[in-house]
Amino acid sequence: MRLSSAFAFASLCCFATALNSGTILNSEIDAFVTNTLAGWSSPAGIAVAVVRQNGHGGWVVETKGYANAKADGTKVTSDTLFSIGSESKLFDILATGLLISNQSLATPVTWTTKIASILPEWDLMDPIASAGSSIMDLMSHRTGMPRHDVSFGYNDTVASIIKRMKYLKPSSEFRETFQYCNLMYSVLSYLPTALLPSKPTLAQYVQESIFDKLGMNSTTYSFARANASGKLADSFAHEGDVTQNPLNGTRTVTHPIPFWLQTGGDEGNFASGPGGVISNINDLTIWLKMLILGGLNPATNESVIPTDVLETVTSGITVWPSDKYPELSPSSYGGGQYQSSYRGHDLIEHGGDVQGWHSMITRFPYEGAGMIILSNDDFFYTREIIRYRILDALFGLEPVDWNTRYQEVAVGTALVRASLVSTLRPVNATLPTGGFSSLVGKYSNAGYTEVELCLVVPSQPSASDACKALAETVLASFPSSIDSAVPTLLFTWDRVAAQYMKLAHFDGDVFNLTGWTGMPSGNASSPIWAYDGGFSGTTVQFGSSSGRTGFGFFGGVWGGGDGVPDPSGQTTEQNSEVWFEAARAAQG
């Protein structure tokens, strides 16, 4: 589905009457936002902008900040900086569009140009996808590759990620289904470096080609720059058992947490393309106006993004799975944008979700209006509840009770997680093949990293120095994480998803998997707490393949998404999503 900008703009006169002409962010909305944050025990804040064309070549812009930007009580304002997560993908793919529009490139590219023809180092495990994947395939998440977000390491570079991708198992056939994949936007972020003589990083190219041209002077890919401004908000997370209802008071202990990715500077990092932008309401209001205007600078009326580029990335290529509420239509995904409708009003939007931050930028192409919402709370529920309430106000509609709906979602999610971990280890559980001590040692997956499995329960006097140090750290800092009655293996690694990984024995060669990251609490008596890594319901199974022993991840670790079947085959390796093979020295 392709929306012509000319048609969208010509239609504004016919639909503008659907908008509420009064103040949207009024005292009623103020009270709603305040009560919602209080009801969800949120220590954090919200920044909001509502933008409307006034029909006379001007704009009506409302911006507001609510509650806390920082743990010290500093309040959110329109200058407060937030990490916007996957909202960054639109900057990435529009930068790609600028390269496609650049007729001076020594090697011109199009949306259908094969990645293999641009990046010699590009290679995927599926040879068909490796040879056939185009820019459009990567941007629309149809390469057959699942997320594999757990493969991201703090010390990664875009080049190192591309080099490892051929070792990551695909979860579907090429162009068979939609599978959201951050990895592919990391690959796209490498195109400015690969195609331009000056070899800029994505962050440098976007700074020059978009931020500077629009006057988005506070927006950056650099944590150091944002932090030095003094305007970067703290992000907050909720401590507690994720299987417990977050509304019953058991998860109301909250902490500010360190910024999720502090590597890189003005040159950006491996996550710049899929999720690296830091911005504020003031700058994003300029960005939203530009999108509503079809690529024109709202201050100068000069073209910043060619109209045909915007049309391409908003054109539906794959189907986006959506929530099953009557107010929401099915969605189609182009590149960093999806199209759907809310209560009969066509929209284009994308959300952003990274550790401690949530965002959403929505525009209504036929009404010449849009909304931005930024949150520094790890719970995404408040973002959804508040943004839908403001959209109802924007269109003068009777409000839907989204708060009750998301309370039900939160409770249901907790119950599902509880059911996934509630199965007790059998009293007569059998030992793993070869016994627990035989599982200790180093394992590796070339698409991920190398790890050392350490037996913590029962303790192993002959453990390596690294394993002794790991056991001491975990038992001292996270004593409740280890059940002394259950045989347990541990490893630690530098993956962004989780710092510590625990394998608690279930039965035979199967272990239950959990992961967490140690976060500072600010409490001298208990300085570290466990931030859940989201591995509920996942397992590890040991086995062998072609005479080589190892272990595999099961239960959604690879992030294939709804409707994607589990791997199948004759061996544990073939049935697993990610397979770690034992080091050769441990094979005998």
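Labelled according to an unreviewed UniProt entry, the protein chain appears under the name Beta-lactamase/transpeptidase-like protein, originating from Mycena pura.

1. Points about the overall build of the protein chain
The helix and strand inventory of the protein chain stands at 19 helices and 21 strands. Taken along the three principal axes of its C-alpha coordinates, the protein chain extends 80 × 55 × 45 Å. Here the protein chain holds 588 residues, and the buried ones make up 55% of them.

2. Here's the deal with the packing of aromatic side chains
Summed over all chains, the structure comprises 39 aromatic pairs. Note on Tyr-342 and Tyr-388: the rings are 5.0 Å apart at their centroids and 25° apart in plane angle, and the pair reads as stacked. Of this pair, Tyr-342 sits in strand 9 (residues 338–342) while Tyr-388 sits in helix 16 (residues 381–394); the two residues are 46 residues apart in sequence, bridging distant segments of the chain. Per residue, the accessibility class of Tyr-342 equals that of Tyr-388, and both read buried. Judged by centre distance (5.4 Å) and plane angle (70°), the ring pair of Phe-511 and Phe-542 falls under edge-to-face. With Phe-511 in strand 17 (residues 510–520) and Phe-542 in strand 19 (residues 538–545), this pair connects stretches of sequence that are 31 residues apart.

3. A short note on the state of the cysteines
The tally for this structure, following the rule as stated, stands at one disulfide. Two residues, Cys-454 and Cys-467, share a disulfide whose sulfurs are 2.0 Å apart. Its S-S torsion of about -75° marks the bond between Cys-454 and Cys-467 as left-handed, since a negative value means left-handed. Of this pair, Cys-454 sits in strand 14 (residues 450–457) while Cys-467 sits in helix 18 (residues 465–477), and the two are 13 residues apart along the sequence. The pair Cys-454 / Cys-467 is uniform in exposure class, with both members buried.

4. Let's talk about the pairing of strand 16 (residues 500–507)
The buried fraction of strand 16 is high, at six of eight residues. In this structure, strand 15 (residues 488–492) lies alongside strand 16, joined through five bridges in antiparallel fashion. Bridging across to strand 16, Leu-489 finds its partner in Leu-503. Sheet topology places strand 16 next to strand 17; seven bridges connect them, and they run antiparallel. Its bridge partner being in strand 17, Asp-507 is matched across the sheet by Val-510. Linkage of strand 16 to strand 17, two consecutive antiparallel strands, is achieved through a turn of two residues, within which Gly-508 is found at a positive phi near 60°.

5. What to know about the sheet that holds strand 12 (residues 369–375)
In space, the eight strands of this open sheet follow the order 2-1-12-11-10-9-8-7, with antiparallel pairing throughout. Where the open sheet ends on each side, the last strands, each with one partner, are strand 2 (59–67) and strand 7 (318–320). Within this sheet the neighbouring strands show an average axis-to-axis angle of 25°, counted without direction. Bridge count for strand 8 (residues 331–333) against strand 9 is two bridges, and the pairing is antiparallel. Bridge pairing links Ser-332 to Gln-339 in strand 9.

6. Notes on the pattern of salt bridges
It is possible for side chains bearing opposite charge to pair when their charged atoms get close. Summed over all chains, the structure comprises 16 salt bridges. Put simply, Lys-64 and Asp-30 hold a salt bridge, and the shortest N to O gap is 2.7 Å. Separated by 34 residues along the polypeptide, Lys-64 in strand 2 and Asp-30 in helix 3 (residues 27–39) bring together distant segments of the chain. Linked by salt bridges that have partners in common, Glu-349, Asp-353, Arg-383, Glu-384 and Arg-387 make up one network.

7. Points about unusual backbone geometry
Cis geometry marks the peptide bond from Val-457 to Pro-458, where omega comes out at 0°. Tracing the backbone shows Pro-458 in the loop between strand 14 and helix 18. Even without glycine at this site, His-141 takes up a positive phi of about 60°. Along the chain, His-141 falls in the loop between helix 7 (135–139) and helix 8 (158–164). Residue His-141 is classed as buried on the basis of its relative accessible area of 1%. The phi torsion at Lys-199 lies on the positive side, around 50°, for a residue other than glycine. Secondary-structure assignment places Lys-199 in the loop between helix 10 (191–195) and helix 11 (202–214).

8. As for the nonpolar core
By size, the foremost hydrophobic cluster in this structure holds 147 residues, and its most contacted members are Phe-91, Met-165, Trp-287, Phe-542 and Phe-553. Setting aside anything within four residues of it in sequence, one finds Trp-287 in contact with Leu-90, Phe-91, Leu-94, Ile-210, Leu-214, Met-216 and Ile-361. Core analysis: the second largest hydrophobic core is formed by 13 residues, Cys-454, Leu-470, Val-474 and Leu-490 among them.

9. Remarks on the side chain of Ser-171
Topologically, Ser-171 is positioned in the loop between helix 8 and helix 9 (182–188). For Ser-171, the side chain forms a polar contact with the side chain of Gln-179, separated by 2.2 Å. Ignoring sequence-local partners within four residues, the contact set of Ser-171 consists of Gly-144, Met-145, Pro-146, Gln-179, Trp-558, Gly-560 and Val-564.

10. A few points about the packing of helix 4 (residues 88–101) against helix 11
Between helix 4 and helix 11, the shortest axis-to-axis distance is 10 Å and the interhelical angle comes to 75°. Classified by the interaxial angle, the pair formed by helix 4 and helix 11 is roughly perpendicular. Residue-level contacts link Phe-91, Asp-92, Ala-95, Leu-98 and Leu-99 of helix 4 to Leu-202, Tyr-205, Val-206, Ser-209, Ile-210 and Phe-211 of helix 11.

11. Describing the confidence of the model for the protein chain
The predicted model of the protein chain averages 93 in pLDDT, with 94% of residues at 70 or higher. Within the model, the stretch residues 1–17 combines pLDDT values under 50 with 30 contacts to residues more than four positions away or in other chains.

12. A closer look at the environment of Ala-498
If you trace the backbone, Ala-498 turns up in the loop between strand 15 and strand 16. On the accessibility criterion, Ala-498 (0% relative accessible area) is buried. Placed 145 residues apart in sequence, Ala-498 and Asp-353 show a C-alpha to C-alpha distance of 16 Å. Residue contacts for Ala-498: discarding those within four places in its chain leaves Trp-493, Gly-515, Trp-516, Thr-517 and Phe-535.

13. A word on the pairing of strand 4 (residues 235–239)
Judged by how many residues are buried, strand 4 sits mostly within the fold: four of five residues are covered. Sheet topology places strand 4 next to strand 5 (residues 253–257); five bridges connect them, and they run antiparallel. Bridge pairing in strand 5 places Ser-235 opposite Ile-257.

Cut-off values and rules
- Residues numbered from 1 in each chain as written.
- Predicted model: local features only at pLDDT ≥ 70, side-chain atom pairs only at ≥ 80, totals over all residues.
- Heavy atoms only, no water.
- Helix = DSSP H or I, 4+ residues; strand = E, 2+ residues; numbered from the N terminus.
- Buried < 20%, exposed > 50% of the residue type's maximum accessible area, 1.4 Å probe, protein only.
- Phe/Tyr/Trp six-rings, centres within 6.5 Å; stacked < 30°, edge-to-face > 60°.
- Disulfide = S-S within 2.5 Å.
- Pairing = 2+ DSSP bridges.
- Axes fitted to C-alpha atoms, helices over the stretch in contact; angles between N-to-C directions.
- Salt bridge = Lys/Arg side-chain N within 4 Å of Asp/Glu carboxyl O.
- Core = buried A, V, L, I, M, F, W, Y, C linked by side-chain atoms within 4.5 Å.
- Contact = heavy atoms within 4.5 Å.
- Polar contact = N/O pair within 3.5 Å; in protein donor to acceptor, adjacent residues only side chain to side chain.
- Parallel < 35°, antiparallel > 145°, perpendicular 65-115°, else oblique.
- pLDDT = per-residue confidence, 0-100.

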